[in-house]
Amino acid sequence: MTSTKRPPAPDGGESTSPLAGTGLPDPSGTRIVLIGAGRFNELHQLPATRRNVEDLADLITAAWNLPVANCTVLRDPASPRDLSRAVEEAAKEATDTLLVYYAGHGLIDWSGHFHLAVRSSERESVHDTAVPYAWVKEHIEKSRAERRIVILDCCYAARAFGLQSDSALFEVAGTYVLAAASETATAVSPPGEEFTAFTGALLTVLRNGIPCLPRYLDLDSIFRRLSKELTLRNRPRPSKQCRDHLDRAPFIKNAAYAPSGDAPPPAVPAQQRPPSETSGTGTPPPSRTSATPRADAVSRRTANIPDGNPIPVMQRKAVRLVGLPAAALALLLGGYSVFSVSPEDSPQIRQIHGKDTIRVGVKADQPGLARETTPGQWQGFEIDLAYNIAASLGFPRHKVDFQAVETKDRDRLLQNGVVDFVVATWTMDGSQATKARKHTSAPLDFVGPYFKTSLSALVWETEEGAAAVEGIDDIGRTYDRDRICTATGSTSEGYLKKKDIDHTTKASYQQCWDDKKVHVVITDEIILAGLNQVNDYRTEEGEEVRKGHVIRLADTVESYGVGILAGDPIFEYLTCRAIPKDWKSNVSTNLEKMATKHLDREWTRPTVKFPECGRLDAWKYKMRNFF
């Protein structure tokens, strides 16, 4: 139960909004979809949109204390259905707040209807290659969410408001639409800048706050400041449309707020406040009144985290004073904060936070999966997965430090604390993983699967020569030891030993392929697809060919898992929750095109049965540490 007093409107008047006094969005009922469309087959590229969605995801999830599973980041949707489905799923789940953000190309078809571009969109065939905005509007209109916020960073974005004969296009109660450009204007993505013009200014306002305004900023205050910032930079002015006084509802904590004796804001339940609100630092919380629940009186302290965004930790002394009966009563009454599991409940995660960054072991030379493209710049499916896991553990992207690992060293580096978890094509039921689980002093565990593939061979042959190789027995008969190679400590090394195939080993599959004597590399097909892609070359006549042919060896199943230290159920639970997040879009962005081209056959996404994430063990672990 929260106070019914509403915060003052920015102009000093009393707000009449039915939503203005409800506080920040409730994390459990909030869903956000952040869509960055930057890669296109025909339209010009917009690389800044990727950074747009990444930084917005970090900022908003932290500000609203939002579970990582409630934020969908869709990068470079391939088809109209991909984009529409993401909005549809979020709209169905949201009950409190639904936020949909799109950055990309806004397109208009021959009849004047507004569309959002995806990778396959064509300017001459907008009507059947881009997403009609009416689709997005329909999903949002059907949502049960009380607050529906749409932010469009694209050309002609204000067409979402509705034009002339269709003036009621977006008149949905409790909806706020923020558009980067007018109905006839183009949005701007300045060359060389890390963000688009509109989103860059929006991030600046949200991060820096607005001086002389209340503790919480509403959408209209943000809009007015945003308009001023963009006008000063001589960039397109945004537009907005609001229904049902949503413009006055609290949206985010004002980073520039300075207490001056004003009336305190409405009491907001701890689970609805961002971490900085519950840290116990800065402005003291409002005193408990009859409208404030007893649970709010439990004091909190701040974990020693030097990133400026402390994780709230309930004082154990207070819990001991409450005692088991009260804790049980709170659980029976549905106490969210008692039964929830979050990063601050894990001593291991708190210890990692004390080091300021989280270190993740990944491969550095596996295109599509994980690759260091330039020093400090990483890309691939496993890189995106690692970012999602880190976010679920409380670390934004700029706090993630990637460490290159080799197959033979994955277990040792994790056991010695050089890395905090490993995402490196690690077969979770392979020989190395089995041995790591049984380690006497530092046993490991694995969370997954997050991907499935099969064992294959990359053969450097003519097309006719490759067609003659039908299996591992043909390879054993055709090639001598120096011609066959795999990585030391890998599952494929064990496979070759089992098949009694003489071979050589190196530290990585890339080193195998770089050896001019090697004609066959044995490992998982998805790894070989990337290896084949990076080694494309052209003949002297300019004809593009492939260096190798991928041949499937057997109906093996290699299931990749995330390597973690055993014994921390909260670490395991939060990692498990992050695995399905953005999985389809990450596969589509990083693997689909590569695999289809380089596996010598039609490729489809693997069917992965994601692990069930049991919260009970994590909750028991939390309670043991409290008491």
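Before any of the text, the structure's been laid out above.
Reference entry: report on the structure contained in this document.

## A closer look at the packing of helix α1 (residues 48–63) against helix α5 (residues 197–208)
In the contact formed by α1 and α5, the axes pass within 11 Å of each other and the chain directions differ by 20 degrees. Judged on the interaxial angle alone, α5 and α1 are roughly parallel. α5 is crossed by α1, and the crossing has left-handed handedness. Judged by residue contacts, Asn52, Asp55, Leu56 and Leu59 of α1 engage Thr199, Leu202, Leu203, Leu206 and Arg207 from α5. Tallied by class, the residues present in the contact of α1 with α5 amount to 5 nonpolar, 2 polar and 2 charged.

## Things to note about the pairing of strand β21 (residues 455–459)
Counting buried positions along β21 yields 5 of 5 residues, so the element is predominantly enclosed. Taking every second residue as pointing to the same face, both faces of β21 are buried, with Leu455, Ala457 and Val459 on one and Ser456 and Leu458 on the other. With 5 bridges joining them, β21 and strand β24 (residues 520–524) adopt antiparallel strand pairing. Bridged to leucine 458 within β24 is valine 521. Bridge analysis of β21 against strand β27 (residues 549–552) gives 4 bridges, and the strand direction is antiparallel. Pairing of alanine 457 across the sheet is with isoleucine 551, part of β27.

## What about the packing of helix α10 (residues 381–392) against helix α18 (residues 569–578)?
Two measures define how a pair of helices packs: the angle their axes make with one another and the distance between the axes. Where α10 meets α18, the closest approach of the two axes is 8 Å, and the angle between their N-to-C directions is 135 degrees. Our classification of the angle between α10 and α18 gives oblique. Relative to α18, α10 is oriented so that their crossing is right-handed. Across the interface between the two elements, Leu385, Asn388, Ile389 and Ser392 from α10 touch Leu574, Thr575 and Ala578 from α18.

## A word on the layout of surface pockets
Counted as a void, the second largest pocket has a volume near 720 Å³. In terms of lining, the second largest pocket is formed by 30 residues, of which the most central are Thr72, Glu89, Pro580, Asp582 and Trp583. Among the elements of the structure, β1 (30–36), β2 (71–75), α2 (80–93) and α19 (583–598) are those that each provide at least two residues to the lining of the second largest pocket. Looking at the lining of the second largest pocket element by element, the count peaks at 6 residues for α2.

## Some remarks on the packing of aromatic side chains
Under the definition given, this model contains 13 aromatic pairs. Geometrically, the ring pair formed by tryptophan 378 and phenylalanine 402 is tilted, given 5.7 Å between the ring centres and 45 degrees between the ring planes. Of this pair, tryptophan 378 sits in strand β17 (residues 377–379) while phenylalanine 402 sits in strand β18 (residues 400–404); the two residues are 24 residues apart in sequence, bridging distant segments of the chain. There is no split in this pair, since tryptophan 378 and phenylalanine 402 are both buried. With a centroid separation of 6.3 Å and 35 degrees between ring planes, the pair formed by phenylalanine 381 and tyrosine 450 is classed as tilted. Highlighted residues: phenylalanine 381 in helix α10 and tyrosine 450 in strand β20 (residues 444–453), separated in sequence by 69 residues.

## As for helix α15 (residues 491–498)
Buried within α15 we find Ser492, Glu493, Tyr495 and Leu496. The buried residues of α15 all sit within an arc of 160 degrees when viewed along its axis, so they share a single face. More than 90 degrees from the buried face of α15, the exposed residues found are Lys497 and Lys498. Where the residues of α15 are buried, they touch β21, α14 (472–478), β22 (484–487), β23 (504–506), α16 (509–514) and β24. One or two residues past the end of α15 sits aspartate 500, with phi positive at roughly 60 degrees.

## Looking at empty space enclosed by the protein
In this structure the tally under the stated criterion is 4 cavities of 30 Å³ or more. Estimates place the volume of the largest cavity at around 130 Å³. Every residue lining the largest cavity is counted, 19 residues in all, and those nearest its centre are Arg410, Thr425, Thr427, Ser490 and Thr491. Counting residues per element, the ones that place at least two in the lining of the largest cavity are α12 (431–437), α15 and β24. In terms of residue count, the dominant contributor to the lining of the largest cavity is α12 (3 residues). Grouping the amino acids of the lining of the largest cavity by side-chain chemistry returns 5 nonpolar, 11 polar and 3 charged. For the second largest cavity, the calculated volume is near 80 Å³. Surrounding the second largest cavity, Leu34, Leu56, Ile60, Leu99, Tyr101, Ile151, Leu178, Leu202, Leu206, Leu219, Ile222 and Phe251 form its lining. When contributions to the lining of the second largest cavity are tallied by element, the ones reaching two or more residues are α1, β3 (97–103), α5 and α6 (219–232). Looking at the lining of the second largest cavity residue by residue, the classes come out as 12 nonpolar, no polar and no charged.

What counts, and at which threshold
- For every chain, the first residue of the written sequence is number 1, and numbering continues from 1 along that sequence.
- Totals for whole chains, interfaces and linings use all residues, but because this is a predicted model, local features are given only for residues with pLDDT of at least 70 and pairs of side-chain atoms are given and counted only at 80 or more.
- Note: side-chain values were computed over all heavy atoms of the structure, leaving out hydrogens and water.
- Each axis is a line fitted through C-alpha atoms, taken for helices only over the stretch in contact, and angles between the N-to-C directions span 0 to 180 degrees.
- To qualify as a helix, a DSSP run of H or I must reach at least 4 residues; to qualify as a strand, a run of E must reach at least 2; elements of each kind are numbered from the N terminus.
- Angles are sorted into four bins: roughly parallel if under 35 degrees, roughly antiparallel if over 145, roughly perpendicular if 65 to 115, and oblique for all others.
- A crossing counts as left-handed when the near helix is turned anticlockwise from the far one by less than a right angle, and as right-handed when that turn is clockwise.
- Contacts were defined at the residue level, with two residues in contact if any of their heavy atoms lie within 4.5 Å.
- Residue polarity follows a fixed list, in which Ala, Val, Leu, Ile, Met, Phe, Trp, Tyr, Cys and Pro are nonpolar, Asp, Glu, Lys and Arg are charged, and the others, Gly among them, are polar.
- Each residue is placed in one exposure class: buried if its accessible area under a 1.4 Å probe, protein chains only, is under 20% of its type's maximum, exposed if it is over 50%, and partly exposed if it falls in between.
- For two strands to pair, DSSP has to find at least two bridges joining them.
- Points on a 1 Å grid over protein atoms alone make up a cavity when a 1.4 Å probe fits among them but cannot get out, and a pocket when they form an open set with protein on both sides within 12 Å along at least five of seven lines; lining residues each have an atom within 4 Å of a point.
- Grid points are joined across faces, edges and corners, and a volume is the space filled by probe spheres set on the points.
- Within 6.5 Å between ring centres, the rings of Phe, Tyr and Trp (the latter by its six-membered ring) count as paired, and their orientation is classed by plane angle as stacked under 30 degrees, edge-to-face over 60, tilted in between.
- The directions considered for the arc are those from the helix axis to the C-beta atoms.

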